[in-house]
Amino acid sequence: MRTIDWIDGAIELIDQTLLPHRLELHRVTELPELIDDIQRLAVRGAPALGVAGAMGVALIAASVDAANGDEELDRDEVRRQAALLREARPTAVNLSWGVDRAMTRLDEGAAAILEEALAIRDEDIAACISMGLRGADLTRELTGKDRVRVMTICNTGSLATVERGTALGVIQTLLEQDSLEEAFPLETRPLLQGARLTAWELQRMEAPFRLLIDSAGPFLLSRGIADAVFIGADRIAANGDSANKIGSFSLALAAKHAGVPFIVVAPESTIDMSTASGADIEIEDRGPLEVAGFGGVRTAPEGVDAVNPAFDVTPHELITAIVTDRRVVLPSRGETLGGVPLGDLRS
Ligand code: MRU
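Residues numbered from 1 in each chain as written. Predicted model: local features only at pLDDT ≥ 70, side-chain atom pairs only at ≥ 80, totals over all residues. Heavy atoms only, no water.

J.: Can you tell me about the site of the ligand, naming the residues and giving the values?
T.: Taken together, 18 residues lie near the ligand, and Arg-44, Arg-89, Asp-234, Asn-244 and Lys-245 sit nearest. At 2.5 Å, a side-chain N or O of Arg-44 approaches an oxygen atom of the ligand. Within the side chain of Lys-245, an N or O atom sits 2.7 Å from an oxygen atom of the ligand. Here the ligand loses 99% of its free accessible area of 420 Å² to cover by the protein chains. The site holding the ligand turns out to be the largest cavity. Every element with two or more residues in the shell around the ligand is listed here: α2 (46–68) and β8 (242–245). In terms of residue class, the shell around the ligand is made up of seven nonpolar, seven polar and four charged. Here the shell around the ligand spans two domains, since at least three of its residues come from each of domain 1 (4–123) and domain 2 (129–344). (Near = heavy atom within 4 Å. Polar contact = N/O pair within 3.5 Å; in protein donor to acceptor, adjacent residues only side chain to side chain. Areas by Shrake-Rupley, 256 points an atom, 1.4 Å probe, with all protein chains shown as cover. 1 Å grid on protein atoms, 1.4 Å probe; cavity = no way out; pocket = protein on both sides within 12 Å on 5 of 7 lines; lining within 4 Å. Sits in = over half its atoms within 2 Å of the grid points. Helix = DSSP H or I, 4+ residues; strand = E, 2+ residues; numbered from the N terminus. Nonpolar A, V, L, I, M, F, W, Y, C, P; charged D, E, K, R; others polar. Domains from an automatic or database assignment.)

Pasting the structure below:
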């Protein structure tokens, strides 16, 4: 089953807010519904947001086209609605990237926009397979081990992409290659993407794993529990600084302290060369309610305020490797994202 797809003229997506208790598809036929699904994290994860953005433009174009009857497609109206979709969440560059890429076909009409959205979907599936293979090879190479124990945060699996995943896709590949000794997903406060979604995915793939609370991650790395840390990314700046789920930065610091490779796995579409460094990345603050309670139950006293950054930024100096669908770049060894792809580990 795909996390997000285009079926009979509409977007169908797994409503991730219901997992792990219920696996239900939500059929989205209108833009406000899609924006709502993105904002309440029914669809989430950078690559899946890229596909949602592109398919969202296809949805907009189809509805504007239908409203216009025989008239030519009202391109200004499509642009106006696409701008709303683009702004639904700020940190993952893939959302605006997906919208913008679909919009490059605007002059060719609604069918061409849909064609582009479907191409993005298909490319995501291929990119995840490629990242998985490259990441698994790299892990064995960096750790010098045939079977590894890995730590990860948030959900970077099939639910964060169309079909297979980025960092969790590497873990799945390691499993398939009999190279996974054990995985340690962090629960990922406050919305528990690790406990609800990653644990669900790891169970389905029958991987050996034990769940950790977020604050146990850095300490257990210092005790040698894992050979490598894998994370995804929502936006990678031109200098390699990487935004990802809050908690990633603490893991990177702890990985450095423990001498464990810290590996970012993300498709090329997550690299934003127009953002110079992590300091320029807008970090979504999701407001106090998610921190002060869970599932509609208040855990902090009434009236308590909170700061709730959904993401943090790991400086490139702390990143051992960035694995994309096309290359491996080693920022910790001074390699950069610009220019010719690097990554020959043996050189
Ligand atoms: O707030 P979310 O659940 O959308 O955050 C998702 C993450 O931080 C992921 O790690 C990132 O998007 C990469 S997904 C392959």
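Right, picking up where we left off after that structure.
J.: Break down the sheet that holds strand β14 (residues 321–323) for me, with residues and values.
T.: Strand pairing in a sheet relies on backbone hydrogen bonds. The paired strands run either parallel or antiparallel. Strand order across the open sheet formed by six strands is β5-β4-β6-β9-β14-β15, with mixed pairing between neighbours. Of all strands in the sheet, those bounded by a partner on one side alone are β5 (180–185) and β15 (328–329). When strand β9 (residues 262–265) meets β14, the two strands line up parallel, connected through three bridges. Considered in β14, the bridge of Val-265 is made with Val-323. Contacts from helix α9 (residues 248–258) reach β4 (148–152), β6 (228–231) and β9 within the one sheet, and its direction differs from that of β9 by about 145°. (Pairing = 2+ DSSP bridges. Contact = heavy atoms within 4.5 Å. Axes fitted to C-alpha atoms, helices over the stretch in contact; angles between N-to-C directions.)

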